[in-house]
Amino acid sequence: MEGDIKNVTFLRDHCYVDFDRAIFVNHDLPCALSRIETSLLTCLVSKLGHIVTYDELIIFVTEPITPNELHVHMSRIRKKIEDTTTSNNLISVRGVGYILIST
């Protein structure tokens, strides 16, 4: 299956975002991503390991969202991509934005 994947970003072993199919895959178990979640992850991946500000994320998303909606979407993304046995991949920088890291 992984041989056919072209537009992916691995966050850790056996866990990746497949942007072509708009899913997050954890040990061969897919989890669907909404359009907004996919857009937000695309922005975060483009600056992997660096802070992405709230404003950058809001501007990047093609649909209008408020700062409160941004935090809700980021919480949903975190629930989908986080693994309780390892360190966090999505880090909040209070008052500034988020950092997505690959471990």
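Chains are numbered independently. Their residues run from 1 in the order of the written sequence. Per-residue local features are limited, in this predicted model, to residues with pLDDT of at least 70; the limit for side-chain atom pairs, both in listing and counting, is 80 or more; totals at the level of whole chains, interfaces and linings are taken over all residues. For side-chain calculations, the full set of non-hydrogen atoms in the structure is used, while hydrogens and water are omitted.

The name that an unreviewed UniProt entry assigns to the chain is Transcriptional regulatory protein, C terminal, with the source organism given as Paenibacillus jilunlii.

Novice: Any chance you could explain the overall build of the chain here in plain terms?
Specialist: Looking only at helices and strands, the chain features three helices and seven strands. When its helices and strands are written in sequence order, the chain yields β-β-β-β-α-β-α-α-β-β. A compact globule built from 103 residues should have a C-alpha radius of gyration of about 13 Å, and the chain, at 13 Å, falls within 12% of that. Taking the principal axes of the C-alpha coordinates as reference, the chain spans close to 35 × 30 × 20 Å. Under the scheme applied here, a residue whose accessible area is under 20% of the maximum for its type counts as buried, over 50% as exposed, and between as partly exposed, the area being computed with a 1.4 Å probe on protein chains only. Burial analysis of the chain (103 residues in total) assigns 39% to the buried set. A run of H or I in DSSP counts as a helix once it spans at least four residues, and a run of E counts as a strand once it spans at least two, with each numbered from the N terminus. Radius of gyration here uses only the C-alpha atoms, and the compact-globule reference equals 2.2 Å multiplied by the residue count raised to the power 0.38.

Novice: What exactly am I supposed to notice about helix α3 (residues 67-81) here?
Specialist: Since the α-helix advances by 3.6 residues per turn, residues separated by three or four positions end up pointing in the same direction. In this model, α3 (15 residues) spans 21 Å end to end at C-alpha, consistent with the 21 Å of a helix rising 1.5 Å per residue. Throughout, a residue-residue contact means that at least one pair of heavy atoms, one from each residue, lies within 4.5 Å. On its buried face, α3 is in contact with β1 (8-12), β3 (23-26), α1 (35-46), α2 (54-60), β6 (90-93) and β7 (97-100). Under the convention used throughout, the expected extent of a helix is 1.5 Å for every residue step, that is, one less than its residue count.

Novice: What is the right way to look at the packing of α1 against α3 in this model?
Specialist: When two helices pack together, their arrangement is given by the angle between the helix axes and the distance between those axes. Lines fitted to C-alpha atoms define the axes, with helix axes restricted to the stretch in contact, and inter-axis angles between N-to-C directions lie between 0 and 180 degrees. At a closest axis distance of 10 Å, the pairing of α1 and α3 adopts a crossing angle of 80°. The angle between the axes of α1 and α3 places the two elements in the roughly perpendicular class. For the pair formed by α1 and α3, the contact residues are I36, E37, L40, L41 and L44 on the first element and L70, H73, M74, R76, I77 and K80 on the second. Here is the rule for angles: anything less than 35 degrees is roughly parallel, anything more than 145 is roughly antiparallel, 65 through 115 is roughly perpendicular, and the remaining ranges are oblique.

Novice: Would you explain the sheet that holds β3 in this entry?
Specialist: Strand pairing in a sheet relies on backbone hydrogen bonds, with the paired strands running either antiparallel or parallel. Here, a strand pair is defined by DSSP locating no fewer than two bridges between the strands. An order of β1-β2-β3-β4 is seen for the four strands of this open sheet, with the pairing classed as antiparallel. Whereas interior strands pair on both sides, the edge strands pair on one side only; in this sheet they are β1 and β4 (29-32). Geometrically, the sheet is characterised by an average inter-axis angle of 25° between neighbouring strands, direction not taken into account. Summarising the sheet, β3 and β4 pair through four bridges and their orientation is antiparallel. Along β4, the bridge assignment pairs F24 with C31.

Novice: Is there a simple way to explain the side chain of S39 in this structure?
Specialist: Note on placement: S39 falls in helix α1. Given the relative accessible area of 17%, S39 is considered buried. When neighbours within four sequence positions are excluded, S39 is seen to be in contact with F60 and V61.

Novice: Quick question: what am I supposed to make of the packing of aromatic side chains here?
Specialist: In this description, a pair of aromatic rings is defined by centroid distance and the angle of the planes. Only Phe, Tyr and Trp rings take part, Trp by its six-membered ring, and two of them pair if their centres are within 6.5 Å. Stacked means planes under 30 degrees apart, edge-to-face means over 60, and tilted covers everything else. This model, assessed by the stated rule, comprises two aromatic pairs. Centroid distance F10 to Y16: 5.0 Å. Interplanar angle 50°. Geometry classified as tilted. Ring plane angle 70° and centroid distance 5.8 Å describe the contact between Y54 and Y98, whose orientation is recorded as edge-to-face. Within this pair, whereas Y54 is found in helix α2, its partner Y98 is found in strand β7, the two being separated by 44 residues in sequence. Each of the two residues, Y54 as well as Y98, counts as buried.

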